[in-house]
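# Structural description and commentary
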Amino acid sequence: MLPAPDTDAIDEAAALLVGAQHAVALTGAGISKESGIPTFRGKDGLWTVRGEPPLNQFQEFHRDPKAWWVRRLEQRANPDEFALSLSASEPNDAHYALAELESIGVLRHVITQNVDNLHRRAGQQSITEIHGNMRWMRCTDCHTRWPEDKVDVNLEDLPPRCPEPGCSGIVKGDGVMFGEPIPPDALERCYAEAAMADVFLLVGTSAVVYPAAMFPQLAHQRGASLIEIDPEPTALSELARVALRGPAGEMLPLLLRAVRERIERR
Ligand SMILES: [Zn+2]
């Protein structure tokens, strides 16, 4: 049996959030694991099922974008274990609690390392998907992004071309490939959010993958209070002002409730 949640820690975290001018969250695989999204290397993981992508994946895409598109369409027609678990997954209580914290004006932005679209499906509005979104497309020239159903894919004429006026760039999946730089607009937004943050929530991220791990550190250097929500300590635990030890799907709803109570008492 898990120990009872630490109500003092939840209350301290709630006080920080309610007092914040600009609270930002960084989320990682831990939040999606609770929705049944397999991790890359775990059983049924993307790389376990499909094999690890080559380190020059992005260069390969540019060499032959049509081949990438043909493979993608084949995978769509015959979904493997990973694709099936992805399409069956639903946002969990942690995703909904973050969206609710945004809608009551407490949380300003979410930076996520996840590509599974679950934050958007839960209603999150202000979000940077630093590794892209598996349900979106992006132009390799003008960097415009769209949900995948907004791009016409003509099987006779692959790869699809950018529909924006004056651009006919090649369209690729929005997920950031091996060998591909993080899209510059996403990176800039994350730096700006980290610079503005006075409270920074870390949710289900081991905080070891760069550049994402850099943003809470930058915020901390500028005086932001870090709140960590994770069943296990992470690389950034020693910087955290408060740690909520438990699954995000359990801790975030408790935190949301404590925040609401504080707002009502004001
Ligand atoms: Zn374009």
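Details of the structure are given in the entry above.
Residues numbered from 1 in each chain as written. Predicted model: local features only at pLDDT ≥ 70, side-chain atom pairs only at ≥ 80, totals over all residues. Heavy atoms only, no water.

## Focus: the coordination of the zinc ion
Rule in force here: The donor definition counts N, O and S atoms within 2.8 Å of each metal and applies 3.2 Å to Na, K and Ca; water is not among these atoms, so some sites may look incomplete. A four-donor site is classed as tetrahedral when every donor-metal-donor angle falls between 85 and 135 degrees; four donors are called square planar, and six octahedral, when trans pairs exceed 155 degrees and all remaining angles lie between 65 and 115, with any other arrangement labelled irregular. Relative accessible area decides the class of each residue, using a 1.4 Å probe on protein chains only: under 20% of the type maximum gives buried, over 50% gives exposed, and in between gives partly exposed.
Every protein donor of the zinc ion is accounted for by Cys-139 (SG), Cys-142 (SG), Cys-162 (SG) and Cys-167 (SG), and the metal-donor separations fall at 2.3 to 2.4 Å. Bound by four donor atoms, the zinc ion shows angles of 105 to 118° at the metal and therefore tetrahedral coordination geometry. Here the donor residues of the zinc ion are spaced in sequence according to C-x2-C-x19-C-x4-C. Summarising the burial analysis for this pair, Cys-162 and Cys-167 share the class buried.

## With respect to the nonpolar core
Applied cut-off: Residue types Ala, Val, Leu, Ile, Met, Phe, Trp, Tyr and Cys, when buried and joined through side-chain atoms within 4.5 Å, form a set referred to as a nonpolar core. Strands here are runs of E lasting at least two residues and helices are runs of H or I lasting at least four, both read from the DSSP assignment and numbered beginning at the N terminus. Residue contacts are defined here by distance: any two heavy atoms, one from each residue, within 4.5 Å place the two residues in contact.
Among the nonpolar cores identified, the biggest contains 33 residues, and Leu-17, Leu-201, Ile-229, Leu-244, Leu-252 and Leu-255 are the most heavily contacted of them. Among the elements of the structure, α1 (7-19), β1 (23-27), α7 (93-103), β2 (107-112), β7 (199-203), β8 (225-229), β9 (242-244) and α11 (248-265) are those that each provide at least two residues to this core. Once residues lying within four places of it in the same chain are set aside, the contact partners of Leu-252 are Ala-94, Ala-97, Leu-98, Leu-101, Val-203 and Ile-229. Grouped together as the second largest cluster of nonpolar side chains are 19 residues, Ala-186, Ala-212, Ala-219 and Leu-226 included.

## Describing the packing of α1 against α11
When two helices pack together, their arrangement is given by the angle between their axes and by how far apart the axes lie. To be explicit about the condition: Axes here mean lines fitted to C-alpha atoms, for a helix over just the part in contact, with angles spanning 0 to 180 degrees between N-to-C directions. Angles are sorted into four bins: roughly parallel if under 35 degrees, roughly antiparallel if over 145, roughly perpendicular if 65 to 115, and oblique for all others. Helix crossings fall into two classes, left-handed where the near helix is turned counterclockwise from the far one by less than a right angle and right-handed where it is turned clockwise.
The N-to-C vectors of α1 and α11 enclose an angle of 60°; their axes lie 9 Å apart at closest approach. Taken together, the axis directions place α1 and α11 in an arrangement best described as oblique. Considering only the axes of α1 and α11, their crossing is right-handed. Residues Ile-10, Asp-11, Ala-13, Ala-14, Ala-15, Leu-17 and Val-18 of α1 touch α11, and the partners they reach there are Leu-254, Leu-255, Ala-258, Val-259, Arg-262 and Ile-263.

## Brief notes about the sheet that holds strand β3 (residues 127-129)
Operational definition: Strands are treated as partners if at least two bridges between them are detected by DSSP.
Ordered in space as β3-β2-β1-β7-β8-β9, the six strands form an open sheet in which the pairing is parallel. Looking at which strands have only one partner, the edges of the open sheet turn out to be β3 and β9. Neighbour to neighbour, the strand axes of the sheet diverge by 15° on average, direction disregarded. Across five bridges, the pairing between β1 and β2 is parallel. For Ala-23, the partnering residue across the bridge sits in β2 and is Leu-107. Relative to the sheet, α1 contacts β1, β7, β8 and β9, its axis offset from that of β9 by approximately 120°.

## Topic: unusual backbone geometry
Most of the time, phi is negative for any residue but glycine, and the peptide bond is trans. Here Leu-158 and Pro-159 are connected by a cis peptide whose omega angle stands at -5°. Here Pro-159 shows up in the loop between β5 (145-147) and β6 (171-173). Cis geometry marks the peptide bond from Tyr-210 to Pro-211, where omega comes out at 5°. Among the structural elements, Pro-211 can be located in the loop between β7 and α10 (214-221).

## Focus: the packing of aromatic side chains
The condition is simple: Pairing of aromatic rings covers Phe, Tyr and Trp, the last through its six-membered ring, and needs centres within 6.5 Å; plane angles under 30 degrees mean stacked, over 60 mean edge-to-face, and all others mean tilted. Charges are assigned to positions over rings by a cutoff of 6 Å between ring centre and Lys NZ or Arg CZ, combined with an angular limit of 35 degrees from the ring normal.
In total, this model carries three aromatic pairs according to the counting rule given. Measuring from ring centre to ring centre gives 5.5 Å for Phe-61 and Trp-68, while their planes differ by 85°; the resulting arrangement is edge-to-face. Measuring from centroid to centroid gives 5.3 Å for Trp-68 and Trp-69, while their planes differ by 85°, and the two rings are edge-to-face. Sitting over the ring of Trp-136, Arg-120 keeps its end group 4.3 Å from the ring centre.

## Remarks on helix α6 (residues 81-88)
Operational definition: Each direction from the helix axis to a C-beta atom contributes to the arc, which is the arc of those directions.
For α6, the set of buried residues is Phe-82, Ala-83, Ser-85 and Leu-86. End-on, the buried residues of α6 take up no more than an arc of 165°, which puts them together on one face. Of the surrounding secondary structure, the elements contacted by the buried residues of α6 are α3 (46-50).

## Regarding α11
Stated precisely, the cut-off is as follows: One less than the number of residues in a helix, times 1.5 Å, gives the span that helix is expected to have.
Compared with an ideal rise of 1.5 Å per residue, which puts 18 residues at 26 Å, α11 spans 25 Å between its outermost C-alpha atoms and is within 8% of the ideal. Of all the residues in α11, the buried ones are Ala-248, Gly-249, Met-251, Leu-252, Leu-255, Leu-256, Ala-258 and Val-259. Tucked into the core, α11 has its buried residues touching α1, α2 (29-33), α7, β7, β8 and β9.

## Brief notes about the packing of helix α9 (residues 184-196) against α10
What counts here: Put simply, Ala, Val, Leu, Ile, Met, Phe, Trp, Tyr, Cys and Pro go in the nonpolar bin, Asp, Glu, Lys and Arg in the charged bin, and everything else, Gly too, in the polar bin.
One can describe the packing of α9 onto α10 by two numbers: an axis separation of 8 Å at closest approach and a directional angle of 30°. The angle between α9 and α10 places the two elements in the roughly parallel class. The handedness of the crossing between α9 and α10 is right-handed. Facing Leu-187, Cys-190, Tyr-191 and Ala-194 of α9, the residues of α10 in contact are Met-214, Phe-215, Leu-218 and Ala-219. A per-class count over the contact of α9 with α10 returns eight nonpolar, no polar and no charged.

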